[in-house]
Amino acid sequence: MSERPKVGIIVGSTRPVRVGRPVADELVALLEDAGAEAIMLDLAELRLPLLDEALPPASGVRTEPHTIAWAERIEALDGVVFVTPDYNSGYPAALKNAIDYLKHEWVGKPAAVVSYGWAGGRSAAAQLTAVLAYIGLDLQGEGVQMAFEPTDFDESMRMVDAAAFVGRSIEGLRELAQQVVAASAAERVAV
Ligand SMILES: Cc1cc2nc3c(=O)[nH]c(=O)nc-3n(C[C@H](O)[C@H](O)[C@H](O)COP(=O)(O)O)c2cc1C
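Because the structure is a prediction, the values reported are computed rather than measured.

Caption draft 1: Here's a closer look at the environment of Glu53. With respect to the secondary-structure elements, Glu53 resides in the loop between α2 (43-46) and α3 (65-75). Overall, the relative accessible area of 13% leaves Glu53 in the buried class. Remark: the alpha-carbon pair of Glu53 and Thr63, spanning 10 residues in sequence, is separated by 6.9 Å. When sequence neighbours within four positions are dropped, the list of residues in contact with Glu53 reads Val61, Arg62, Thr63, Glu64 and Thr67. Within polar-contact distance, the side chain of Glu53 engages the side chain of Thr63 at 2.7 Å. For Glu53, the side chain forms a polar contact with the main-chain nitrogen of Glu64, separated by 2.8 Å.

What follows is the structure in structure tokens.
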């Protein structure tokens, strides 16, 4: 068994060309540097259907193979970082769907939110933080809000240099990674 705490990174955007994935890739490196085993949970790859369980997640009943697999992935984590864009002043439907599948698997898990958008994705972060607090995750810090600049995008609205964009927030991301790893390690010992 790994000595390192397992920290998941949930990539909340699912578009074929995304800012979310390079942000998450950087988080893998930072979490590993901070002593974690980082586990990428990319919703674009996991392709969860829209919630299709007959009973609500609080029942604890998980019947569909994809629900059981998702529950096992989350249960195996000591902590989790959510990476979300701002879509129309909120966070993506795919992310809400993935969260809504489960209940007790989330409760008490150390978590942090990384958001991005023109105002750092602050509306998405606020919504997501409220939902995670409602469910009972153990939120760490204020999260990191990564703000776009006009020069980040070309005329077709594609990001020009994702590494430069991520680099502007590297100190905040490193701090967040260290905070989540410390809380996840404490959670792991406490279990
Ligand atoms: C459906 C949609 C809605 C968007 N709405 C907002 C918004 O309300 N605020 C904002 O700052 N950016 C908004 N954007 C721009 C996104 O922040 C930007 O496209 C970002 O790259 C999306 O994240 P992703 O590349 O990981 O999908 C929106 C983008 C999409 C696709």
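Caption draft 2: Expanded view of helix α1 (residues 20-33). Between the first and last C-alpha of α1 there are 20 Å, a value that for 14 residues agrees with the 20 Å anticipated at 1.5 Å per step. Every buried residue of α1 is listed here: Gly20, Val23, Ala24, Leu27, Leu30 and Leu31. One side of α1 carries all its buried residues, which in axial view fall inside an arc of 120 degrees.

Caption draft 3: Geometry of the pattern of salt bridges. Tallied over the entire structure, the rule returns 12 salt bridges. Across the pair Arg62 and Glu105 runs a salt bridge, and its minimum N-O distance is 2.8 Å. Taken together, the residues Arg62 in the loop between α2 and α3 and Glu105 in the loop between α4 (93-100) and β4 (110-117) connect sequence positions 43 residues apart. In this structure, Arg62 and Glu105 share a single accessibility class: buried. Where Asp152 meets Arg168, a salt bridge forms, and the shortest distance between an N and an O atom there is 2.7 Å. Here Arg168 lies in the loop between α6 (162-167) and α7 (170-190) and Asp152 lies in the loop between β6 (144-147) and α6, a separation of 16 residues in the sequence. Looking at Asp152, the relative accessible area reads 7%, which means it is buried. Judged by its relative accessible area of 39%, Arg168 falls in the partly exposed class. Counted as one network, the salt bridges with shared partners bring together Arg18, Arg21, Asp25, Asp42 and Glu45.

Definitions and cut-offs
- Numbering of residues begins from 1 in every chain and follows the order in which that chain's sequence is written.
- For a predicted model such as this one, the threshold for reporting local features is a pLDDT of at least 70, and the threshold for listing and counting side-chain atom pairs is 80 or more; totals across whole chains, interfaces and linings nevertheless cover every residue.
- To obtain the side-chain values, all non-hydrogen atoms of the structure were used and water was disregarded.
- Put simply, DSSP marks the helices as runs of H or I at least four residues long and the strands as runs of E at least two long, and each gets a number from the N terminus on.
- Any residue under 20% of the maximum accessible area for its type is buried, any over 50% is exposed, and the rest in between are partly exposed; the area is computed with a 1.4 Å probe on protein chains only.
- For this analysis, residues touch if any pair of their heavy atoms sits within 4.5 Å.
- As used in this structure description, the phrase polar contact means that two N or O atoms lie within 3.5 Å; if the pair is within protein, one of them must be able to donate a hydrogen and the other to accept it, and residues adjacent in sequence are counted only when both atoms belong to side chains.
- One less than the number of residues in a helix, times 1.5 Å, gives the span that helix is expected to have.
- Each C-beta atom gives one direction from the helix axis, and the arc is the one those directions make.
- Salt bridge, as used here: a side-chain nitrogen of Lys or Arg that lies within 4 Å of a carboxyl oxygen of Asp or Glu.

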